[in-house]
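# Descriptive structure summary
So you can see what is in the structure, the chains are spelled out below.
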Amino acid sequence: MPEHLSPTRHGARHGERPFAHVAGTGSMLRLALLNFLLNVLTLSLWRFWAKTRVRRLLWSGTAAWGDHAEYTGRGGELFLGFVVVMVSVFMPILVALTAAQMAVEAGNPWGNAFVLLIQAVAVFLAFAGLYRARRYQLSRTLWRGIRAGQDGEAWRYGLMVLGCGLVNVLSLGWTWPWTEMTLARYRLGNTRFGDERFVCTARARGLYRRFAVMWGVAALVLCLPLVTVLGLYLSGDGILESAEPALLFIIGLLLAGGVVLVLALPYAWYRAAVLRQLVAATRFAGTTFHLDARTAPLLRLGLGNWLIGVLSLGILRPWAALREFRFVCANLSADCEPDWSSVRQSAAAAPRLGEGLAAVFDGAGEF
Amino acid sequence: MTALPGRFNDGRTAASRQVTVTPGTNGLDIRGEDGLMVAFWKTADLRADGELPDGAGVRLRCAADPDARLSLAQAEFIRPLLPKPPRFPWLKLAGTFAGALGVLAALWLGIPAGARALAIMVPSAWEKGWGDTLADELERRWGTCRQPAGDAALQLLAARLGAGIAPDLHLNRLVVVRRTENNALALPGGSVLVFSGLLAQAESSDELAGVLAHEFTHLRLRHPTVAMIRAAGIGMAVMLVTGDASGLAASGAAMAMAGAYSRDDESAADAGAVTLLTQAGIGTQGLAAFFRRLDDGPPGLTGWLSTHPDSRARAQAVETQGGERQAPAATRPALEPEQWAAIKGICGQ
């Protein structure tokens, strides 16, 4: 009998790793390539069913305390959700935006204000949509026949994200750890499995040392090229104007790649602390968790996934998702096993249509 | 038959219990470790809920108790009892493919008509605003050629050509810009930019008259505005289908579609130019000569991607249409020699 189907042991030792991921890379690569072919054939309309199949593999490969998770979403739900949002939300917004831009072109003084307003609405919808997408995904996530779910309001979350974004801009980014944890608390604190809620008390305290280093590096790395370009432009030598556009493009590309590489290390260092702190402050039915997120493996995971996405033009992104699932399963531990017999099936209603807003405004849930 | 170890979830709580499963002819006999029966799942009610990936076993459901689950690591004896897993949905796939083609066909036909209908609704002040913004930018970038004698001759020619369509033309800018290409440009809201390269290469004032008649027809039919709306519409449609605004393939398809529509526009403008020239008593020979000199290489694969029809075909069409309307003897040159010379020298060479 494979290890992950072995009998449940109550009162597992502290630091026990109850999670495992058994889906092989080969299965995922085959699925990703098949999906790519079918996407080409159907002018990309297959993508809803493609996403569903990838999720089914990701979910069913995830075992917790010996039992595998289950994804019960259907491609048709995603497709219908997409169509509904496209027609009822996206088209009106696009028409409004086009009209506003035409007004700007025609010199109407109100045009810019309209464009800004519509963009703010679009950002709000994108994040409210992400929250709804999470609600859909969780409602289609089962384990031992019990449905997960998410409470809370998508519009409230969308407004929170808008407010946090504003605060972050005003503080030059220094409120980021605080806003990040605030949003995560709302998401996780409203996450349910069966009738039992997760409890999340994560705070930003303790993150600021790493954040300051990351902020400093980012400021340096982002400012240097900007200052250089600005200097060249203002010096009036015409170097920028006379240079080959292709050469400028290649230099720009190299610069962007360089920025990613230089920023990746401090970012992974910061992110490792965020993930550890977030998981440590999240409880479920009296069980506390621990994520052994270290900088180097996180950096390998992030850069590797970035390369996979870029080099395969996005075709192999499901593989990147698989790597993330494996990382979490391999590094997440629990201090004890929850008393599962006290966790009951919830009668809460699940959404009927899938993540339309997010699919339209954000392309969320890429895998 | 042998009893198999398995794990059972009743679907009411998240507890999991170790069971032994005995497959029989009527169904699965599921018993707890204490030997007491937990459930009996009839064969007809069994649902294969899915093979777990990479041979990790199989998870079963039962129609009579939809939330319960039974997982088995060794599934060889169970599989023959299960309903066949759903086949790959080829039919559904063919359906989406056909649907995609249908959507595409509807868009192909609907977008130009919709753009024309919308263009009529655009306030002319907006149209003029866009055109002026564009034209100012291009004039700033390329530089303009202005000389009183040359400008006067241009306006004279424009008035003679536009006489027949004056109410629909709204020409408010006719400028020569410094560009070496043999070309001219009509922008929304009644702006026409003539490239200096066209003046340098033109051999007679009739050629310039032919090109202006062509651009004026674009303006009369509001082609620049229609093309802008059409481009936006194509982008919107591609986004609708693919859900992705930045797709490379999507923008390629959009460009090909835009090219095909623009070829229709060009043919319409050629036909309108023949009418204008005929009404003004100017021969169509100049326009035909202009097209003949446009050397765009051998017609071939790139034809359906380009924005303009094949030049030789255009020259031929112009000659045929023009010949039917008017005998060459009934025409007089577009401009007097000294007026033509003033336009030729407007950029100071």
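Residues numbered from 1 in each chain as written. Chains lettered and ligands numbered in written order. Predicted model: local features only at pLDDT ≥ 70, side-chain atom pairs only at ≥ 80, totals over all residues. Heavy atoms only, no water.

Going by what an unreviewed UniProt entry lists, chain B is known as M48 family metallopeptidase and is assigned to Magnetospirillum aberrantis SpK.

This part covers the packing of aromatic side chains. All names here are of chain A. Scanning the model with the defined rule gives 28 aromatic pairs over all chains in all. A centroid spacing of 5.5 Å and a plane angle of 65 degrees characterise the contact between F48 and F79, whose relative ring orientation is edge-to-face. With a gap of 31 residues between them, F48 in helix 2 (residues 47-60) and F79 in helix 3 (residues 75-105) connect regions that are remote in the sequence. The class for F48 is buried, based on a relative accessible area of 5%. (Phe/Tyr/Trp six-rings, centres within 6.5 Å; stacked < 30°, edge-to-face > 60°. Helix = DSSP H or I, 4+ residues; strand = E, 2+ residues; numbered from the N terminus. Buried < 20%, exposed > 50% of the residue type's maximum accessible area, 1.4 Å probe, protein only.)

Turning our eyes to something else, we now look at the sheet that holds strand 8 (residues 144-145) of chain B. Residues and elements named next belong to chain B. The strand order across the open sheet formed by four strands is 8-9-11-10, and the pairing between neighbours is mixed. The sheet terminates laterally at strand 8 and strand 10 (184-187), the two strands that pair on one side only. With two bridges joining them, strand 8 and strand 9 (residues 173-177) adopt antiparallel strand pairing. Note that in strand 9 the partner of T144 across the bridge is V177. (Pairing = 2+ DSSP bridges.)

Attention now goes to the packing of helix 3 of chain A against helix 4 (residues 111-139) of chain A. Residues and elements named next belong to chain A. With their axes 8 Å apart at the nearest point, helix 3 and helix 4 run at an angle of 170 degrees to one another. It follows that helix 3 is roughly antiparallel to helix 4 by the angle criterion. For helix 3 against helix 4, the interelement crossing comes out left-handed. Judged by residue contacts, E77, L78, V89, I93, A96, L97, A100, Q101, A103 and V104 of helix 3 engage G111, N112, F114, V115, I118, V121, L125 and Y136 from helix 4. For the contact of helix 3 with helix 4, the residue count by class is 14 nonpolar, three polar and one charged. (Axes fitted to C-alpha atoms, helices over the stretch in contact; angles between N-to-C directions. Parallel < 35°, antiparallel > 145°, perpendicular 65-115°, else oblique. Left-handed = near helix turned anticlockwise from the far one by under 90°. Contact = heavy atoms within 4.5 Å. Nonpolar A, V, L, I, M, F, W, Y, C, P; charged D, E, K, R; others polar.)

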